[in-house]
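# Structural overview
This is what each chain is made of:
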Amino acid sequence: MQPENDLPVPDLPSGRFVGQEAFVDCLRLAMAAAAQQGWRELIFCDPNFAHWPWQDKQMLEGLHAWSRAGRHCTILAANYDFVSSHHARFVSWRRNWSHLIDGRICRQVDPANFPIIFWSANWTLQVLDPIRSTGVSGTEPERIVQAREQLQQLLHVSGLGFAATTLGL
């Protein structure tokens, strides 16, 4: 797929990454590539998104640049308490783009066993050890398919969660 603008497409990491900084760098690069290459679908999965850079200006700019008609993002978590209390910028941004982003919640899986995955049909990242923030990423079709199958299992038993707005009396 051709980039949507004249900016160079970032090289996406492939293989093993180690540490929180490397994890965040991978996510930033992925969002820039998603926007520039016009990736149609994204899935973010984490038990609570405590280590994701949702307050990061560069990450939100990437999300904003990605958000166009015909695109879809699913966020899947065991709970959204941390997101609601610590990622106000993302919560506010999501409110404006709720027509592109589905919030799903899966309470059937123990948060300790919940996968941490960024998925697209072009590139995927999976955290294998959340304590040390180590994992793998890449464009290999088998890696992308395996991550998608794992996510499909969770999505199948998930329900709507993390409403974009809350109504009160």
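As a reminder, the structure under discussion sits directly above these lines.
The present account deals with the structure reproduced in this document. Keep in mind that what you see is a predicted model, and the values were worked out from it rather than measured. (Residues numbered from 1 in each chain as written. Predicted model: local features only at pLDDT ≥ 70, side-chain atom pairs only at ≥ 80, totals over all residues. Heavy atoms only, no water.)

## As for the packing of aromatic side chains
- If you walk through the whole model with that rule in mind, you get 14 aromatic pairs.
- With centroids separated by 5.1 Å and ring planes inclined at 75 degrees, the aromatic side chains of F49 and W52 adopt a geometry described as edge-to-face.
- Judged by relative accessible area, F49 falls into the buried class, the value being 1%.
- Judged by relative accessible area, W52 falls into the buried class, the value being 2%.
- Here a set of aromatic residues connected by ring pairs shows up, and it is made of F17, F23, F44, F49, W52, W54, Y80, F90, W93, F118, W123 and F162.
- Over the aromatic face of W119 sits the side chain of R148, whose NZ or CZ is 4.6 Å from the ring centroid. (Phe/Tyr/Trp six-rings, centres within 6.5 Å; stacked < 30°, edge-to-face > 60°. Buried < 20%, exposed > 50% of the residue type's maximum accessible area, 1.4 Å probe, protein only. Lys NZ or Arg CZ within 6 Å of the ring centre and 35° of its normal.)

## What about the pairing of strand β4 (residues 101-105)?
- Burial analysis of β4 places four of its five residues in the buried class, which makes it a mostly covered element.
- Relative to strand β8 (residues 159-160), β4 runs antiparallel, the two being bridged by two bridges. The partner of I105 across the bridge, within β8, is G159. (Helix = DSSP H or I, 4+ residues; strand = E, 2+ residues; numbered from the N terminus. Pairing = 2+ DSSP bridges.)

## Focus: the side chain of Q126
- Looking at the secondary structure, you find Q126 in strand β6 (residues 124-129).
- In terms of polar contacts, Q126 uses its side chain to reach the side chain of Q150, at 3.2 Å.
- The contacts of Q126, once residues within four sequence positions are left out, are F17, P115, I116, I117, G135, V136 and Q150. (Polar contact = N/O pair within 3.5 Å; in protein donor to acceptor, adjacent residues only side chain to side chain. Contact = heavy atoms within 4.5 Å.)

## Quick notes on the state of the cysteines
- Throughout the structure, instances matching the rule amount to zero disulfides.
- Residue C45 stays outside any disulfide, its sulfur separated by 8.2 Å from that of C106, the closest cysteine.
- Looking at C73, it has no disulfide partner, and the nearest cysteine sulfur is the one in C45, 12 Å off.
- Take C73: its relative accessible area is 1%, and that puts it in the buried class. (Disulfide = S-S within 2.5 Å.)

## Some details on the environment of D129
- Among the structural elements, D129 can be located in strand β6.
- Residue classification places D129 among the buried positions, given a relative accessible area of 18%.
- Sequence separation between D129 and P115 is 14 residues; the distance between their C-alpha atoms is 9.9 Å.
- Reaching out from D129, the side chain makes a polar contact with the side chain of R132 at a distance of 2.7 Å.

## Observations concerning the nonpolar core
- Of all hydrophobic cores here, the largest spans 38 residues; its most connected members are F44 and F118.
- Here the element with the most residues in this core is helix α1 (residues 20-37); it accounts for nine residues.
- Beyond its immediate chain neighbours, meaning those up to four positions away, F118 contacts L27, A30, M31, W39, L42, I43, F44, W52, W123, T124 and L125.
- Core analysis: the next-biggest nonpolar cluster, separate from the first, contains 13 residues, W119, L151, L154 and L155 among them. (Core = buried A, V, L, I, M, F, W, Y, C linked by side-chain atoms within 4.5 Å.)

## Focus on the pattern of salt bridges
- Per the stated rule, a full pass over the model turns up six salt bridges.
- For E41, the salt bridge goes to R148, with nearest N and O atoms at 3.0 Å. In this pair, E41 is assigned in strand β2 (residues 41-45) and R148 in helix α5 (residues 141-156), connecting sequence segments 107 residues apart.
- What makes E41 partly exposed here is its relative accessible area of 28%.
- Here E61 ties to K57 by a salt bridge, and the two come within 3.9 Å at their closest N and O atoms. In this pair, E61 and K57 are both assigned in helix α2 (residues 57-66), four residues apart and thus about one turn of the helix distant. (Salt bridge = Lys/Arg side-chain N within 4 Å of Asp/Glu carboxyl O.)

Everything listed here is a matter of coordinates, which is why it stays silent on function.
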